[in-house]
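The lines below spell out each chain.
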Amino acid sequence: MEIKRDELVVFRKLFLRALNENQLLILRSINGKHHSLNALLEELSREAKKPISTLKLNAKILKELGLIDYGEKNNPKPVELTKHGKLVLKILGVIE
């Protein structure tokens, strides 16, 4: 199934309305360089001057939506975009 240009515009608007600024910041910042979610969020908190608790809540929402994946305290794993997260960023024009 191929997505047409006008459909992409609709999906782009939908994603921009559905995802908040913090969620978009997190999605755009996942680049494979962070060994944990905390490392990514601490960096974002410093650079964007956002409370770490706000970023953690939004990361949890993104995980529940199936857009990102990361490990837990007892089962660590690097934070990464899922295939659905990559699709959202593609539609938003962030990645190719």
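Up top you'll find the structure we're talking about.
Bear in mind the structure is a predicted one, so any value in this text is a computation, not a measurement.

Asker: Would you mind going over the packing of helix α2 (residues 21-29) against helix α4 (residues 52-64) in detail, with residue names and values included?
Answerer: Any two packed helices are characterised by how steeply their axes cross, that is the angle between the axes, and by the distance between the axes. As a packed pair, α2 and α4 sit with axes 9 Å apart at the nearest point and diverge in direction by 75 degrees. In terms of axis orientation, α2 runs roughly perpendicular to α4. Along its contact with α2, which presents Asn22, Gln23, Leu25, Ile26 and Leu27, the element α4 presents Thr54, Leu55, Asn58, Ala59, Ile61 and Leu62. Considered class by class, the residues forming the contact of α2 with α4 number seven nonpolar, four polar and no charged.

Asker: Go over unusual backbone geometry, please, and point to the residues and values.
Answerer: A positive phi angle, close to 55 degrees, is found at lysine 49, a residue other than glycine. Relative accessible area serves as the criterion here: at 70%, lysine 49 is assigned to the exposed category.

Asker: Quick rundown of the pattern of salt bridges? Include the residues and the values.
Answerer: In total, this model carries five salt bridges according to the counting rule given. Across the salt bridge formed by lysine 50 and glutamate 21, the nearest N and O atoms sit 2.8 Å from each other. Within this pair, whereas lysine 50 is found in the loop between α3 (37-48) and α4, its partner glutamate 21 is found in helix α2, the two being separated by 29 residues in sequence. The class of lysine 50 is buried, set by a relative accessible area of 18%.

Definitions and cut-offs
Along every chain, residues carry numbers that run from 1 in the direction the sequence is written. For a predicted model such as this one, the threshold for reporting local features is a pLDDT of at least 70, and the threshold for listing and counting side-chain atom pairs is 80 or more; totals across whole chains, interfaces and linings nevertheless cover every residue. Neither water nor hydrogens contribute to the side-chain values; these are computed over all heavy atoms in the structure. Lines fitted to C-alpha atoms define the axes, with helix axes restricted to the stretch in contact, and inter-axis angles between N-to-C directions lie between 0 and 180 degrees. Each helix is a run of H or I in the DSSP string that is no shorter than four residues. Each strand is a run of E no shorter than two, and both are numbered from the N terminus. Here roughly perpendicular refers to angles of 65 to 115 degrees, roughly parallel to angles under 35, roughly antiparallel to angles over 145, and oblique to all remaining angles. Contact between two residues is taken to exist if any of their heavy atoms lie within 4.5 Å; hydrogens are not considered. Each residue receives one of three labels: charged for Asp, Glu, Lys and Arg, nonpolar for Ala, Val, Leu, Ile, Met, Phe, Trp, Tyr, Cys and Pro, and polar for the others, Gly being one of them. Exposure classes here rest on a 1.4 Å probe applied to the protein chains alone. A residue is buried below 20% of its type maximum, exposed above 50%, and partly exposed in between. What makes a salt bridge here is a side-chain nitrogen of Lys or Arg within 4 Å of a carboxyl oxygen of Asp or Glu, nothing more.

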